[in-house]
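Residue-level structure breakdown
These are the residues of each chain, in order.
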Amino acid sequence: MNLHVNNISHSYGKVDVLKDINLNIEEHQIVCLVGPSGCGKSTLLKLIGGLEKPSSGKVMQLGEPPQHSINPLTYIFQDFALLPWRSVYDNISLVLEDHGIAKNELKHIINDVLARTKLTEFANAMPKQLSGGMKQRVAIARALSVRPAVLLMDEPLSALDSQTSELLMDDLVSLWDREKFTACYVTHNLNEAVRLGHKIVVLSRRPGTIREVVSIDIPLNERKNHVQALDQKQQYLWNLMREEALLADKELINAD
């Protein structure tokens, strides 16, 4: 299933947040959204996921979601959103319990996503026993359990230290290499964008418009072997953003 963002603009009262956004999220691609603070990245993700309705324009779903998909569009947030009184297994079970799934099928789905995310041995662990990276892996497993067509990922690594982020990026690359999932991924971290993005959408400062869409053709599982090329892409992205990022920061300071 592909998503087409068709001429979306959005405002909160008199504040224009996004203007004339046109974007394709193609099946089996990871599309990263980057831009200066306050440019509307997370707002755009909410509009794509249907959490908010755009002031104008629309998001179109083209094609069919995966067979037996429970939630075609599924979020992964930066704060993990795990229930502390439920085990890893039961946190994943939570999103499946109201869908009339037979007990044996439910068990199969959960055990399958635990295996795919290397969490089988932690099925009975409680969130307080897990590191931040492990908690985010549980959030990813929970998202995969509903067989989404598109993962909507809102700065999923921003709460983690740099070493854990590196390891989780490796996990995401391995997972994509096996399953070719589709994702729209918001990040402020350009290193994440060039490691994970097939396309990187650069937004301007508010009201956010698309300045440029940068493609990276190096296969995800080979990018660690192309450090210089990725560094050049990252520098190019920063050159696109630098001036507007400084202006956006000044505006946020003045607003405070």
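Residues numbered from 1 in each chain as written. Predicted model: local features only at pLDDT ≥ 70, side-chain atom pairs only at ≥ 80, totals over all residues. Heavy atoms only, no water.

1. Notes on the packing of helix α3 (residues 103–116) against helix α4 (residues 132–145)
Following both chains from N to C, one finds α3 and α4 inclined at 135 degrees, their axes separated by 9 Å at the closest point. As the angle between them shows, α3 and α4 are arranged oblique. Here the hand of the crossing between α3 and α4 comes out right-handed. Residues Ile109, Val113 and Arg116 of α3 touch α4, and the partners they reach there are Ala141, Leu144 and Ser145. Considered class by class, the residues forming the contact of α3 with α4 number four nonpolar, one polar and one charged. (Axes fitted to C-alpha atoms, helices over the stretch in contact; angles between N-to-C directions. Helix = DSSP H or I, 4+ residues; strand = E, 2+ residues; numbered from the N terminus. Parallel < 35°, antiparallel > 145°, perpendicular 65-115°, else oblique. Left-handed = near helix turned anticlockwise from the far one by under 90°. Contact = heavy atoms within 4.5 Å. Nonpolar A, V, L, I, M, F, W, Y, C, P; charged D, E, K, R; others polar.)

2. Description of the sheet that holds strand β7 (residues 183–186)
In spatial order, the strands read β5-β6-β7-β3-β8-β9; together these six strands make up an open sheet with mixed pairing. The sheet is open, and its two borders are formed by β5 (73–76) and β9 (210–215), each paired with just one other strand. Ignoring which end each strand starts from, the neighbouring axes of this sheet average 20 degrees apart. As paired strands, strand β3 (residues 30–34) and strand β8 (residues 199–203) are joined by four bridges and run parallel to one another. Bridging across to β8, Cys32 finds its partner in Ile200. (Pairing = 2+ DSSP bridges.)

3. Quick look at the packing of aromatic side chains
Summed over all chains, the structure comprises one aromatic pair. Centroid distance Tyr75 to Phe77: 5.1 Å. Interplanar angle 5 degrees. Geometry classified as stacked. Among the residues examined, Tyr75 registers a relative accessible area of 15% and is labelled buried. Of note, Lys180 hangs over the ring of Trp176, and the distance from its end group to the ring centre comes to 4.7 Å. (Phe/Tyr/Trp six-rings, centres within 6.5 Å; stacked < 30°, edge-to-face > 60°. Buried < 20%, exposed > 50% of the residue type's maximum accessible area, 1.4 Å probe, protein only. Lys NZ or Arg CZ within 6 Å of the ring centre and 35° of its normal.)

4. Examining the environment of Lys58
Locating Lys58 in the fold gives a position in strand β4 (residues 56–62). Along the primary structure Lys58 and Ser9 are separated by 49 residues, whereas in three dimensions their C-alpha atoms are 9.0 Å apart. What Lys58 contacts, discounting residues up to four positions off in sequence, is His4, Val5, Asn6 and Ile8.

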